[in-house]
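An overview of the molecular structure
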Amino acid sequence: MAQQRRLDLVLDSVKRLLRIGATANLLNLLQKQHPADLAQIFSELPDKDREAAFSLLADRNGRLAMEAVSELGPEAGAGLLATRPAEEIARLAQEIPSDDAAALIDYLPEELSTAVLDLMRPKESGVVENLLEYAEQTAGRIMNPHVFALNEDMTVGEAIAEIQGNRDVEMVFYLYVVDERRHLVGVVSLRRLLLVSPETPLKRIMTADLISARVDMDQEEVARLVAAYNLLAIPVTDEENKLVGIITVDDVIDVMKEEATEDIYRLAGVGVDERVFTPAGESLRKRLPWLGVQLLTSFAAVAVVAVFLPTIARVSALAMFMPIVVWMGGNAATQTLTVIVRGIALGELSWSNSRKALTKEILVGVGNGVALGLVAALVAVLVHGDPVMGLLLGAAMIINLFVAAAAGTLIPLGLRAANVDPALASSIFVTAVTDVFGFASFLGLATLFLRYLAQTG
Amino acid sequence: MAAPRRTDLLLDSVTRLLRVGASANLLNLLQKQHPTDIAEILRRLQPHYRRMAFDTLAEHNARFAMQALSELEPDQGAAVLTHRPVEELARLLGELPVDDLAALLEWLPDEVSARVRDLLRGSDQGAVGDLLQHREWTAGRIMNPKVFALFEDLTAGEAVAALQQSGGVEMVFYIYVIDDRRHLVGVVSLRRLLLVPPQTPLKHIMSADIVSVSVDTEQEEVARLVAKYNVLAIPVVDAENKLVGLVTVDDVIDVIKDETTEDIQKIGGLEALDEPYIDTPFWTLVKKRARWLVVLFLGEMLTATAMGHYEMEIARAAVLAVFVPLVISSGGNSGSQAASLMIRALAVGEVTVRDWWRVMRREVLSGVVLGALLGVVGFLRITVWSQFFDTYGEHWLLVAVTVAGSLVGVVLWGTLAGSMLPFALKRAGVDPATSSAPFVATLVDVTGLIIYFSVASVLLKGTLL
């Protein structure tokens, strides 16, 4: 972790230099850092220091400052930018690629972002506005519209000259080839260009069979394509197959991280945009609705228990064992849910092979139910001394683990089919189902066999 | 979703051709596909068809067939290969880059893989041996040892010429610059080479400030660095800063996917599956889950024991039992939320163990407020209900206060336990994702019960109890 230690040292120096106001030295130090490291330094500074360091750097080296800001992520980055006047934001926003600028501007307060767009150079602001028109989380929204393309009639020599004249384009590794109406027709790798003689026409060496994404493709699907085909970048086309942008692999990695975080949070019922250091008030607002919904669903469980209250009053030991049935159901359901949701996310699972998954899950559920039901029955007999109680407990566990497996498989697949993110609401529904069935099966069985149970008093 | 539909059609045709034994047509069809698509088809075929399809392709275009095979999970790929004679295995495996070769070798049965290694080309043999001597899940294990590097004294023109002769090297994006003892001293991008006059020495155009990893860096850390610095490849150096390999971004994407899946599965309370869900055999699936379920189950038996202590109270006031699930599941849920947040934050490097105090202060605050809000809802629910029904008896107000008070305590405790457990595990050198949601929930369940009945025995003394 030499990297981390070095950053800690830099962070200390930055704080010290800010305190004594040694701006020249500070600038010197900041300018030597990689934008990603700067972003980390910014995020670890207290608010006031962060603004001071940023404004210092922004005045001297706008591009580096903005690269660091976009590494911070759109939300935190926009927060830092919002402290500056609109004119300056407009100037700074032009220092970075338009997809990054669009992401930041999108997170600025409404009137500030309008002001900034008005102030930007007409061409740039047009590009940014176009990007913001695509739906969120689609290829169109995250692509970089400055894509380097060559005409199919060029020769390799002309192509190389063209590259040499275009220093501003982001990461050129694939050169996309278009026809005279900008339809995407092929791709050539930069390396390939170096290997053939300069007179060769591009048409002859390009690969015509290439993978591209439509502007309205979901970003998760884009990430899946890039990962599956080991691509470094994927071209984005509009509905007429015209080349309109490019998504590079570094953006895809960000998408993958974002989507994974989203899935993990949703499985636990946490709001998607929350991070560890999101302000406490906001965290509350994001977590409370889920806890509230869960509280409401647990009233359903309460209602079930209330129905059987006379039974519990006669055999109070039932209260002792009933949580076990419910929690084991909940735990087993969480396991099923987790593998199913991840399977869907990775594209391994869909309706077509869902029957296989369901059969398997139910077998696993019943298998685990039998094993654990036996243990539970044994323990109940040992602890409580009532064999009938043990029998009921075991039977109820088998029933509830069966229910858990079915609900844990069908609910996420059903949500997926209804076009709802399966990670989103699955856990709430699934645990509600296992709660209700758990109590109902255990207490219901107990009521049926009440006369065989050892009764209190 | 255009891509999956295409492979669906393809799969149908392949199955049909395999059934009628039209191997010439099959070969024709397969050779037109991308290796990734072939891998997808192989994955979805029945095992004996999978082998047949692979054999047909391998006979005519061994390199292509092997490329497709290496896109499968290594255990699956190895299973397709095992039935072949070792000489042929060695020939087929020789078609692959060394890192993919090593991954497949590891999944072959021991005696087969030892004999295949003896039969490999000399250069491959050495390289595979080098890779396999590094620990699993480290940069040394996943790197490609064939990395394109040039001496610092060469000129840009000479570099381009060298590049043109380097047919077999995997994905060149950056040209690494080394000194005469193979120490990594800098990097030049391919594009930069084109922009300078041919006689410029590499030394003058290279960037000396280069992010590299060492052979024993954890693969998760490698992935984090590649993602952080937006690089397409990261060079791997040994203890003396000598360049020994390269990890490319496509391998990093695989690492990110695997590590994320592992985390999610651990959070969900199961041991990480090593294969895609659909391919995991039934008994493996049971085994991976049963262990945790049994552990959790034994933990929850403690709840029964805890409840046993309060049997008197329950016998006297059965109405208390009604709210057991409510109080406890609120604690468990808030604990899972907090745990998931911390696990992910630790995984992506947003917080480190040093931040635990800062996190704890915030989580205590959130816990109190969340608990209070839930308490108010619970209180209102019981109050309103009691105006119409008599479920909760004459002391409903006291019951409501008990439930509300316990909710505050349980949610606070859940949030605190859920957020601190991942830190404690990380500190102890255990993967924080082990503090899965069910694990936290169980922990909070047992202690939540004690909180609930303690509050009840204080508040209801003399009335219900």
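Residues numbered from 1 in each chain as written. Chains lettered and ligands numbered in written order. Predicted model: local features only at pLDDT ≥ 70, side-chain atom pairs only at ≥ 80, totals over all residues. Heavy atoms only, no water.

Concerning the packing of aromatic side chains
Residue and element names in this part refer to chain A. Within this structure, the stated rule accounts for six aromatic pairs over all chains. With centroids separated by 6.2 Å and ring planes inclined at 40°, the aromatic side chains of Phe449 and Tyr452 adopt a geometry described as tilted. Judged by relative accessible area, Phe449 falls into the partly exposed class, the value being 34%. The exposure class assigned to Tyr452 is partly exposed, which follows from its relative accessible area of 49%. (Phe/Tyr/Trp six-rings, centres within 6.5 Å; stacked < 30°, edge-to-face > 60°. Buried < 20%, exposed > 50% of the residue type's maximum accessible area, 1.4 Å probe, protein only.)

Things to note about the sheet that holds strand β2 (residues 174–178) of chain A
Residues and elements named next belong to chain A. The three strands are arranged β1-β2-β3 in an open sheet whose pairing can be described as mixed. Two strands lie at the open edges of the sheet, namely β1 (149–151) and β3 (184–189), each paired on one side alone. Sheet twist, expressed as the average angle between the axes of neighbouring strands with direction ignored, equals 35°. Summarising the sheet, β1 and β2 pair through three bridges and their orientation is parallel. Note that in β2 the partner of Leu150 across the bridge is Val177. (Pairing = 2+ DSSP bridges. Helix = DSSP H or I, 4+ residues; strand = E, 2+ residues; numbered from the N terminus. Axes fitted to C-alpha atoms, helices over the stretch in contact; angles between N-to-C directions.)

Section: a nonpolar patch on the surface
A cluster of nonpolar side chains, contributed by Val384(B), Trp385(B), Phe388(B) and Phe389(B), occupies part of the molecular surface with about 430 Å² of accessible area. Positionally, Val384(B) belongs in helix α21 (residues 356–388). (Patch = residues over 30% accessible without salt bridge, like charges linked within 9 Å, V, L, I, M, F, W, Y side chains within 5 Å. Areas by Shrake-Rupley, 256 points an atom, 1.4 Å probe, with all protein chains shown as cover. Salt bridge = Lys/Arg side-chain N within 4 Å of Asp/Glu carboxyl O.)

Some words on the domain arrangement of chain B
Segmentation of chain B into domains returns domain 1 (6–137), domain 2 (149–265) and domain 3 (277–459). Computed from C-alpha atoms alone, the centre-to-centre distance between domain 1 of chain B and domain 3 of chain B is 49 Å. (Domains from an automatic or database assignment.)

So, the interface of chain B and chain A
On the side of chain A, 112 residues touch chain B, which itself brings 112 residues to the contact. Buried surface at the junction of chain B and chain A, summed over both partners, amounts to about 10200 Å²; 69% is from carbon and sulfur atoms. Our count for the contact surface shared by chain B and chain A stands at two salt bridges. Between Asp8(A) and Arg354(B) there is a salt bridge, with the nearest N and O atoms lying 3.4 Å from each other. (Contact = heavy atoms within 4.5 Å. Buried area = accessible area lost by both parts, 1.4 Å probe.)

Side note on the environment of Gly438(A)
Residue and element names in this part refer to chain A. Here Gly438 is to be found in helix α22 (residues 422–448). With 41 residues separating them in the primary sequence, Gly438 and Met397 have C-alpha atoms 7.6 Å apart. Not counting residues within four places of it along the chain, the set of residues in contact with Gly438 comprises Val325, Val326 and Asn400.

Here's the deal with a negative patch on the surface
All names here are of chain A. Taken together, Glu67, Glu71, Asp254 and Glu258 make up a surface patch of like negative charges. For the negative patch, the secondary structure elements donating two or more residues are α5 (62–71) and α16 (249–267). Among the secondary structure elements, Glu67 is positioned in helix α5. Given a relative accessible area of 30%, Glu67 falls into the partly exposed group. (Lys, Arg positive; Asp, Glu negative; His and termini not counted. Charge placed at Lys NZ, Arg CZ, Asp CG, Glu CD.)

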